[in-house]
2 protein chains.
Amino acid sequence: MEGRLGPGDRLPSERDLSADLGVGRSSVREALRVLEVMGLIRTATGSGPQSGAIVIATPAGGMQQLLRLQVAAQGFPIADVVQTRLVLEGAVAASLAASESRDTAAAHALLDAMDDADLPAPEFLALDAQLHLALAEASGNSVIAAMMAGLRSAIESYVLEGSARIDDWRGMAERLRAEHRALVAAIESGDGDSARSLVHDHIIGYYTASGLVPDAAL
Amino acid sequence: MEGRLGPGDRLPSERDLSADLGVGRSSVREALRVLEVMGLIRTATGSGPQSGAIVIATPAGGMQQLLRLQVAAQGFPIADVVQTRLVLEGAVAASLAASESRDTAAAHALLDAMDDADLPAPEFLALDAQLHLALAEASGNSVIAAMMAGLRSAIESYVLEGSARIDDWRGMAERLRAEHRALVAAIESGDGDSARSLVHDHIIGYYTASGLVPDAAL
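Bear in mind the structure is a predicted one, so any value in this text is a computation, not a measurement.

Engineer: It is not clear to me how helix 8 (residues 156-164) of chain A should be interpreted in this structure. Could you clarify?
Structural biologist: Helical geometry note: an α-helix holds 3.6 residues per turn, so side chains three or four residues apart project in the same direction. All names here are of chain A. Along helix 8, the residues classified as buried are Val159, Gly162 and Ser163. Seen along its axis, helix 8 keeps its buried residues to an arc of 100 degrees; they face one direction. The elements touched by buried residues of helix 8 are helix 6 (121-138), helix 7 (142-154), helix 9 (169-188) and helix 10 (192-209).

Shown next as structure tokens:
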């Protein structure tokens, strides 16, 4: 918390931390496990001088764990998660449309991969999630990208269950493909207002069609 | 993750978890500590039948820990944190303005408390943070409220340091008071566009005046 350690720096060994802080080895180990799950350190095995944990600071993984667990334990209602996605995705779309250096190559590769008409719903939805994340990453804000990845992963199982409630999956996939292409086109033409409203309608449309969230909750 | 446990439910004791899962007591204890820091459970001491951890699912605390540590370890750049605050606070202001059942009583109590002209900067800034959080909570989205609390707390020490770089603190406090009142008034008159742009300018104004983030980074 004092800002003295950053990515690549090594923590003292468990033994040294225990001696320096005057606490038992098991307390040190518990603290290291917490930091590991939060994506702050990678722990190494062994007991030599190279055995200390390394600061990695990869926040996306920690955010994902936290949001998945909190949604599962009913700490966050699904409707609030969906609403937050709408806010963040709208901001990403508008900011990409306004950017002069946006790189949509990853998005195009995913759009093409989703054109395969024989993709089963789970594979399609996995590519769909990757597309939304690729746009967030292209927007360059690491906090928003980590939050979006976490929120999407927190409701992943509900999204999959929802797809089973859609009678005409091929028709739905066709619609999602067209919506994705329209969104990326609006971003590339620099039309932020359209991009924002297209991504909004796209998300709401899927969630209501799959019965994930009642229309009234949004 | 299977959704079988919710707030108020009790986990089996450490001893039972260890026996049921076939892992050592220390592994169980590490996992419980992780869940505790993430705000998912409250652990009880003792070893009787009432000794198991209780599911609490209070995500705000876990989010705060995660974001504080990741910002401190340079996992998230400050400019990205500030930009995300702008997105979330703008959405909160617009959604409150559009709401017919908004409750701004807590916000008004904080506005009044901030009128004390003798408040030192740290006390003023603590009330300021509470005001922004009270608005997020009034908007009713628990995910956005937890994220905003976490983001604000992640940059708390930078905000405090920044206040020391402001020569005329009394003048700045006067300006912040006026901006807060104008924001709450715009929300109460149902003017979402004004509320959104007032909160945007308010945040940017303070961060650039205190040298926390260069204007160009936003």
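The discussion continues.
Engineer: Would you explain helix 3 (residues 59-72) of chain B in this entry?
Structural biologist: Residues and elements named next belong to chain B. For helix 3, with 14 residues, the first-to-last C-alpha span of 20 Å sits near the 20 Å given by 1.5 Å per residue. Among the residues of helix 3, Pro59, Gly62, Met63, Leu66, Leu67, Leu69, Gln70, Val71 and Ala72 are the ones counted as buried. Gln74 occupies a position one or two residues after helix 3 and carries a positive phi of about 65 degrees.

Engineer: Even after reading the chapter, I still don't get the confidence of the model for chain A, so can you show me in this structure?
Structural biologist: Low pLDDT means the predicted atomic positions in that stretch should not be read closely. On average, residues of chain A score 91 in pLDDT, and 94% of them are at 70 or above. Our summary of model confidence lists the complex with pTM equal to 0.90 and ipTM equal to 0.89.

Engineer: Explain the nonpolar core to me, please; I cannot follow it from the model alone.
Structural biologist: When a protein is soluble and globular, its nonpolar side chains tend to lie buried together. Counting 134 residues, the largest nonpolar core has A:Trp169, A:Tyr206, B:Trp169 and B:Tyr206 as the members making the most contacts within it. Beyond its immediate sequence surroundings of up to four residues, A:Tyr206 is in contact with A:Leu125, A:Val159, A:Gly162, A:Ser163, A:Ile166, A:Trp169, A:Met172, A:Arg175 and A:Leu176.

Engineer: Even after reading the chapter, I still don't get the side chain of B:Ser163, so can you show me in this structure?
Structural biologist: All names here are of chain B. One can find Ser163 in helix 8 (residues 156-164). Accessibility expressed as a relative area gives 9% for Ser163, which makes it buried. Here Ser163 is in contact with Ala121, Leu125, Trp169, Tyr206 and Ser210, once residues within four sequence places are set aside.

Engineer: Before we go on, may I ask you to explain the pattern of salt bridges in this structure?
Structural biologist: Should the charged atoms of two oppositely charged side chains come close, the side chains can pair. Residues and elements named next belong to chain A. According to the stated counting rule, one finds 24 salt bridges over all chains in the structure shown. For Glu179, the salt bridge goes to Arg175, with nearest N and O atoms at 3.2 Å. Within this pair, Glu179 and its partner Arg175 are both found in helix 9, separated by four residues, close to a single helical turn. Judged by its relative accessible area of 22%, Glu179 falls in the partly exposed class.

Engineer: What exactly am I supposed to notice about the packing of aromatic side chains here?
Structural biologist: Ring pairs (aromatic) are described by centroid distance and by the angle formed between their planes. All names here are of chain B. Using the criterion set out here, one finds four aromatic pairs over all chains in the structure. Between Phe124 and Trp169 the ring centres are 5.7 Å apart and the planes differ by 85 degrees, which places this aromatic pair in the edge-to-face class. One end of the pair, Phe124, is in helix 6 (residues 121-138); the other, Trp169, is in helix 9 (residues 169-188), with 45 residues separating them in the sequence. Judged on exposure class, the residue Phe124 and its partner Trp169 are both buried.

Engineer: What am I meant to see in the interface of chain B and chain A here?
Structural biologist: One frequent convention defines the size of an interface as the accessible area lost when the parts assemble. Contacts between chain B and chain A engage 47 residues on the former and 47 residues on the latter. A combined buried area of about 4,000 Å² lies between chain B and chain A, and 74% of that area is made up of carbon and sulfur atoms. Residue A:Glu30 is joined to B:Arg33 by a salt bridge in which the shortest nitrogen-to-oxygen separation is 3.3 Å. Across the chain B-chain A interface, the total number found is 12 residue pairs in polar contact (both at pLDDT 80 or more). Going through the elements one at a time, helix 2 (25-37), helix 3, helix 4 (78-98) and helix 7 (142-154) of chain B are the ones with two or more residues in the side of chain B that touches chain A. Tallying contributions element by element places helix 3 of chain B first for the side of chain B that touches chain A, with 10 residues. Within the side of chain B that touches chain A, the residues separate by chemical class into 28 nonpolar, 14 polar and five charged.

Rules used in this analysis
Residues numbered from 1 in each chain as written. Chains lettered and ligands numbered in written order. Predicted model: local features only at pLDDT ≥ 70, side-chain atom pairs only at ≥ 80, totals over all residues. Heavy atoms only, no water. Buried < 20%, exposed > 50% of the residue type's maximum accessible area, 1.4 Å probe, protein only. Helix = DSSP H or I, 4+ residues; strand = E, 2+ residues; numbered from the N terminus. Arc of directions from axis to C-beta. Contact = heavy atoms within 4.5 Å. Expected span 1.5 Å × (residues − 1). pLDDT = per-residue confidence, 0-100. Core = buried A, V, L, I, M, F, W, Y, C linked by side-chain atoms within 4.5 Å. Salt bridge = Lys/Arg side-chain N within 4 Å of Asp/Glu carboxyl O. Phe/Tyr/Trp six-rings, centres within 6.5 Å; stacked < 30°, edge-to-face > 60°. Buried area = accessible area lost by both parts, 1.4 Å probe. Polar contact = N/O pair within 3.5 Å; in protein donor to acceptor, adjacent residues only side chain to side chain. Nonpolar A, V, L, I, M, F, W, Y, C, P; charged D, E, K, R; others polar.

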